[in-house]
Each structure stands twice: as structure tokens, then as C-alpha cells.
Amino acid sequence: MYTVDKFLEEGYEVLATGRNPVMADMLKKKIISLLMVMTIALTFVGCDNKVGDIALEKGQTAIHISKDGKVQYGVAESFDKDYYDKKELKSTVENEVDEFNSDSDASGKDALSLKSMDVKKDVATMIMEFASTTDFGTYILKYNNPDKGTFYIGNISDNEDCEIKGKFYAPDNKKKSVSEDKISDLDDNILIVNEQMKVQIEGTVKYVSENCKISDGVVETAKTDDGISYIVYTLK
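Reading guide: rules and limits
- Sequence order as written defines residue numbering, which begins from 1 separately in each chain.
- In keeping with the model being predicted, local features are shown solely for residues with a pLDDT of at least 70 and side-chain atom pairs are shown and tallied solely at 80 or more, while totals for entire chains, interfaces and linings include all residues.
- For side-chain calculations, the full set of non-hydrogen atoms in the structure is used, while hydrogens and water are omitted.
- Pairs of strands are assigned from DSSP output, requiring at least two bridges between the strands.
- Only DSSP runs of H or I reaching four residues or more are called helices, and only runs of E reaching two or more are called strands; each is numbered from the N terminus.
- Axis geometry follows a simple rule: fit a line to the C-alpha atoms, using only the stretch in contact for helices, then measure angles between N-to-C directions, giving values from 0 to 180 degrees.
- Residues count as neighbours in contact if any of their non-hydrogen atoms are within 4.5 Å of one another.
- Accessibility here uses a 1.4 Å probe with only protein chains present; expressed as a share of the type maximum, an area under 20% marks a residue as buried, one over 50% as exposed, and anything in between as partly exposed.
- Salt bridge, as used here, is a side-chain nitrogen of Lys or Arg placed within 4 Å of a carboxyl oxygen of Asp or Glu.
- Multiplying 1.5 Å by the residue count of a helix minus one yields the expected span of that helix.
- The directions considered for the arc are those from the helix axis to the C-beta atoms.
- Polar contacts, as counted here, are pairs of nitrogen or oxygen atoms within 3.5 Å of one another; within protein the pair requires one atom able to donate a hydrogen and one able to accept it, and residues that are adjacent in sequence qualify only if both atoms are side-chain atoms.
- Here a crossing is taken to be left-handed if its near helix is turned anticlockwise relative to the far helix by less than a right angle, and right-handed if that turn runs clockwise.

Asker: Give me the lowdown on the sheet that holds strand S6 (residues 123-130), citing residues and values where you can.
Answerer: By definition, the strands of a sheet pair up through backbone hydrogen bonds, in either a parallel or an antiparallel sense. The strand order across the open sheet built from 7 strands is S5-S6-S4-S3-S11-S14-S13, with neighbouring strands paired in mixed fashion. Taken across any chain shown, the strands that pair with only one partner, and hence form the sheet edges, are strand S5 (112-120) and strand S13 (213-215). Strand-to-strand twist across the sheet, computed as the mean angle between neighbouring axes with direction ignored, equals 15°. In this structure, strand S3 (residues 61-65) lies alongside strand S4 (residues 71-78), joined through 5 bridges in antiparallel fashion. The residue bridging histidine 64 from the neighbouring strand is glutamine 72, located in S4. Set on the sheet, helix H3 (residues 86-101) makes contact with S5 and S6; between it and S5 the angle comes to about 170°.

Asker: Now, about the pairing of strand S15 (residues 229-234): what can you tell me, with residues and values included?
Answerer: Sheet faces and side chains relate simply in a regular strand, where the side chains alternate between the two faces. Counting buried positions along S15 yields 6 of 6 residues, so the element is predominantly enclosed. Residues Ser229, Ile231 and Tyr233 of S15 are buried on one face, and the alternating residues Tyr230, Val232 and Thr234, pointing to the opposite face, are buried as well. Examined bridge by bridge, strand S10 (residues 189-193) and S15 share 5 bridges and lie antiparallel to one another. Bridge assignment links valine 193 to a residue of S15, and that residue is serine 229. In the sheet, strand S12 (residues 204-209) pairs with S15 via 4 bridges, with the strands oriented antiparallel. Residue pairing for S15: valine 205 is matched across the bridge by tyrosine 233.

Asker: Please set out the pattern of salt bridges residue by residue, giving values where relevant.
Answerer: A complete count under the given rule lists 3 salt bridges for this structure. As a salt-bridge pair, lysine 120 and aspartate 118 come within 3.6 Å of each other at their nearest N and O atoms. Given the relative accessible area of 43%, lysine 120 is considered partly exposed. Among the residues examined, aspartate 118 registers a relative accessible area of 19% and is labelled buried. Of the charged contacts in the structure, one is a salt bridge between lysine 206 and aspartate 188, with a shortest N-O distance of 3.0 Å. Separated by 18 residues along the polypeptide, lysine 206 in strand S12 and aspartate 188 in the loop between helix H5 (180-184) and S10 bring together distant segments of the chain. Lysine 206 sits in the partly exposed class, given a relative accessible area of 30%. The exposure class assigned to aspartate 188 is buried, which follows from its relative accessible area of 10%.

Asker: Give me the lowdown on the pairing of S6, citing residues and values where you can.
Answerer: With respect to burial, S6 is a largely interior element, 7 of its 8 residues being buried. With 8 bridges joining them, S4 and S6 adopt antiparallel strand pairing. Within S6, the residue paired with valine 75 across the bridge is methionine 126. Strand direction decides the pairing type here: S5 and S6, joined by 8 bridges, are antiparallel. The residue of S6 that forms the bridge with methionine 117 is methionine 126.

Asker: How would you explain H3 if you had to name every residue and give the values?
Answerer: Along its 16 residues, H3 runs 23 Å from first to last C-alpha, staying within 8% of the 22 Å computed at 1.5 Å per residue. The set of residues buried in H3 consists of Val93, Val97, Phe100 and Asn101. Down the axis of H3, the sector holding all buried residues measures 100°, keeping them to one side. Opposite the buried face of H3, by more than 90 degrees, sit the exposed residues Lys87, Glu88 and Asp98. Elements in contact with the buried residues of H3: S5, S6 and helix H4 (133-144). By the N-cap criterion, in which a side-chain oxygen at the helix start approaches the backbone nitrogen of a residue two or three places on, H3 is capped by aspartate 85, the distance to lysine 87 being 3.0 Å.

Asker: For the sheet that holds strand S7 (residues 152-155), give the residues involved together with the corresponding values.
Answerer: The 6 strands are arranged S7-S10-S15-S12-S8-S9 in an open sheet whose pairing can be described as antiparallel. If you trace the sheet from one side to the other, it starts and ends with S7 and strand S9 (173-178), each paired once. Sheet twist, expressed as the mean angle between neighbouring strand axes with direction ignored, is 25°.

Asker: Can you tell me about the packing of H3 against H4, naming the residues and giving the values?
Answerer: Relative to each other, H3 and H4 sit at 120°, their axes nearing to 12 Å. In this structure, H3 meets H4 at a crossing whose hand is right-handed. Here Glu96, Glu99 and Phe100 of H3 lie close against H4, whose contacting residues are Asp135, Thr138, Tyr139 and Tyr143.

Here it is, written out as C-alpha cells:
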């Protein structure tokens, strides 16, 4: 049988010795073509598991908010039980998307879309895209069912259920804290969560609560046991 290994072995010999120039030229073209295909394939695999610039890993949740208000929401969870079914999972998610888009609380029929879904090495990765932060907020409240007062996204002035408390700091000045009263009076947007996740915002992150970490433009919120996290931002 003429295997790939055999092809490469003979190919290296042709290229190294210069024997049969015509075959060497053909082989070079095939190798270049193969490398291009591999590069494209690897590019698509990488993109499928990214939320903005955040590469999702097992056990992570990530959010990306673009300047036009669209939100990408990604989750990577263990999928290692024998009774788990990939097709059933995808069908369930797709039904959920259809159900949400037909709901009167959604902004329209394209309020939510399934950007990608993949199961590899016992890890299920799902990335959704929402037409607006309002759609994203509506979805989380309806399907994730967080405890009252632990989730909100939108303008600070419209926040009714979540208490804003604690100390805040600007990403470029961690030594000087800002009071919760000042934050409450701002005419900006705020994301309030009570779980660990990575958040990337295309606009400007103005303040974060002291339990958040920032690295390379990505905010990492605190674990549930470490209290509610706050991110004050603008998309301008």
C-alpha cells in the first residue's frame, strides 16, 4: 500500500537530491497546497472556540460585547458521561434558540443565533450570539435563572434589582478606589454577575469591582463564593 509516510519519504529524497526536476516541482506545489489547507483548517478550529479574543477552555464561561451592542456568550463544559449524546445536546440547544426568538421578550426573530457548537476530547463548547445586550440579559434571566439581585446588564439608571456595593477602581489606576455612590450616579452601562467568567468589551472599561482581575484587556470576574462582580463600561 502506498501510504502518506511513503509519499513523504520519497518526496524528501526527490527534493534533497534534485533527482527528476519535474517531479520535484510537482511535489513542491502539492506540499504548498497541503500546508495551505492545513492552515485554513486550523484557523477555523481556533475561531470556533473563541469568544472575541478569548480562547475557551474546559470549565470556562466568556462574554464578548462588541461596539454595536452584540454579545457573544460562550461556555465550555465537561461532556464525559457515556449517556451524553452530542446530537441530542445540539437539538436541545437549537430548540432553545428557536423558542427564545419566538418569545415576545426577544427583539426579533434573529435575537439569538447559535454561532458554533462542538464536542472534542470530552468537552462541549457552545457559543451563542445575541443581537443586543438586552436580548442577552433576557436570555440569562429566563434560562439560567440566577438568584435575584445577582445578574444585570444595561444602563446603571435602569438597574432595579441589583444593589451596587463595594469598592471600585479604574483599570489604569488600581491604587485609587471609587465609592459605590459614585458608580450608582454614572450614566454608563454595567455588567453584574455572581460567577467566574472572562469578559471582553470593545468599548471602554471604566471601573471594575475590587474582586475582578484585568489582563490584556480581558476582565476576569470573581468566583461565586468571592462575591458579586461589577464591570462599568461604555461602548462609545
